[in-house]
Amino acid sequence: MNDAILQIRDASKTFRAGGRRVTALDDVSLAVGAGEIVALVGESGSGKSTLGRAVVGLERLDAGELVFEGQEYARMRERRLRSLRRRMHLVLQDPYQSLHPGMRVAAAVAEPLDIAGTGNARSARVDEALEEVGLAPASAFRDRFPHQLSGGQRQRVVLARALVGLPRLVVADEPTSMVDATLRGSIVELIRGLRDRHGIAFLVITHDPEMAAAVAEEVAVMQEGRLVESGRTVEVFRSPQHPYTKLLLEAAADVGRLEPTA
Ligand SMILES: Nc1ncnc2c1ncn2[C@@H]1O[C@H](COP(=O)(O)OP(=O)(O)O)[C@@H](O)[C@H]1O
Ligand SMILES: [Mg+2]
């Protein structure tokens, strides 16, 4: 692995809901190398989103350490965290939720940019980002509202917003769960292209092993808040060691989406 841009050490988080305690994260340790794509897989409720939210500072851990570019930030105060957060970006599952219905494409994409930038530089940067995700010419898209876009175009807008500020790490939570197989393929290509061109590291959260296999060099498997297995994606998927990983891969093979494992 390259030098780690992100290190998660012994992350733990318990929620209390209606008198019940749910351990969402139980001593999870994971690293993401600079410019590397890591997939976090596991069934619904295994703690993936909680980990993703903790990484970008939207959720505080009960215990454990988070290190980004060498800096520990799990308990960092909000004000200092803000400048660090500018170098990370969270992409949410549902582009309907992450795009404000009343906000035009250009404004949505410009949002993560420093307010200090001048108007012209900002709008040039926004156009560049739009065209990089395949929304070209940018002039045909910048003034549209979300409802004037297809589902695939909305997902591209969300990715343009993720890349516009050239973060070093993007956490993408189920970026393809709302789209069909063709679109999933183009989103995988887009993510890999952004990594190749800009060296942006990705933590891709998905319940879908096929998506993980297509996009990521490294994979980490979560079950009930625990990380049960991790390693090179080809190796983990070729010869899964943990029973839960085997189950996950068999379930995917059942619906004919993965090569049956030998
Ligand atoms: N804010 C919250 N309050 C109470 N329970 C939560 C909260 N967020 C997550 N959980 C619980 O934590 C567990 C892990 O959830 P989550 O991280 O969303 O899993 P995943 O993304 O893998 O589906 C689930 O049991 C979920 O119900
Ligand atoms: Mg989730």
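Everything that follows concerns the structure shown earlier in this document.
These numbers come from a predicted model, not from an experiment.

Visitor: Is there a simple way to think about the overall build of the chain in this case?
Guide: When you go through the chain residue by residue, the secondary structure sums to ten helices and ten strands. Against the 2.2 N^0.38 benchmark of 18 Å for 262 residues, the chain shows a C-alpha radius of gyration of 18 Å, consistent with a compact globule. Counting only C-alpha atoms and orienting by the principal axes, one finds that the chain spans roughly 55 × 45 × 40 Å. Buried residues in the chain amount to 42% of all 262 residues. Here the analysis covers contacts within the chain between residues at least 6 apart in sequence; of these, 66% occur between residues at least 24 apart.

Visitor: I'm lost on the sheet that holds strand β4 (residues 63–68) in this one. Help?
Guide: Strand pairing in a sheet is mediated by backbone hydrogen bonds. Such pairs are either parallel or antiparallel. Spatially, the four strands line up as an open sheet ordered β2-β1-β4-β5, and their pairing is antiparallel. Both outer strands of the open sheet, β2 (20–33) and β5 (71–72), are each paired with one neighbouring strand and no more. Where helix α1 (residues 48–55) meets the sheet, its contacts fall on β1 (4–17), β2 and β4, and the angle it forms with β1 comes to roughly 120°.

Visitor: It is not clear to me how the site of ligand 1 should be interpreted in this structure. Could you clarify?
Guide: In the neighbourhood of ligand 1, the contacting residues comprise Phe 15, Ala 17, Val 22, Ala 24, Gly 42, Ser 44, Gly 45, Ser 46, Gly 47, Lys 48, Ser 49 and Thr 50. Breaking the shell around ligand 1 down by element, the ones donating at least two residues are β1, β2 and α1. The element contributing the most residues to the shell around ligand 1 is α1, with three residues. Of the residues belonging to the shell around ligand 1, the class tally is four nonpolar, seven polar and one charged.

Visitor: When you look at the nonpolar core in this model, what are you seeing that I'm missing?
Guide: The nonpolar side chains of a soluble globular protein tend to be buried, and buried together. Counting residues in hydrophobic clusters, the biggest one holds 76 residues, and the most contacted among them are Val 109, Ala 160, Val 204 and Val 215. The leading source of residues in this core is helix α6 (residues 151–163), at six residues.

Visitor: Sorry if this is basic, but what is going on with helix α5 (residues 119–132) here?
Guide: Quick reminder: α-helices carry 3.6 residues per turn. Residues three or four places apart thus point the same way. The end-to-end C-alpha distance of α5, which contains 14 residues, comes to 20 Å, matching closely the 20 Å that a straight helix rising 1.5 Å per residue would cover. Of the residues making up α5, those classed as buried are Val 126, Asp 127, Ala 129, Leu 130 and Glu 132. At the exit of α5 stands Gly 134, carrying a positive phi of roughly 90°.

Visitor: Got a minute to help me understand α1 in this structure?
Guide: Most of α1 sits inside the fold, with seven of its eight residues counted as buried. Downstream of α1 by one or two residues, Gly 57 has phi in the positive range, about 85°.

Thresholds, definitions, all that
- Residues numbered from 1 in each chain as written.
- Chains lettered and ligands numbered in written order.
- Predicted model: local features only at pLDDT ≥ 70, side-chain atom pairs only at ≥ 80, totals over all residues.
- Helix = DSSP H or I, 4+ residues; strand = E, 2+ residues; numbered from the N terminus.
- Rg over C-alpha atoms; globule rule 2.2 N^0.38 Å.
- Buried ≥ 20, exposed ≤ 12 C-beta atoms within 10 Å, placed from the backbone.
- Contact = placed C-beta atoms within 7 Å.
- Pairing = 2+ DSSP bridges.
- Axes fitted to C-alpha atoms, helices over the stretch in contact; angles between N-to-C directions.
- Near = placed C-beta within 6 Å.
- Nonpolar A, V, L, I, M, F, W, Y, C, P; charged D, E, K, R; others polar.
- Core = buried A, V, L, I, M, F, W, Y, C linked by C-beta atoms within 7 Å.
- Expected span 1.5 Å × (residues − 1).

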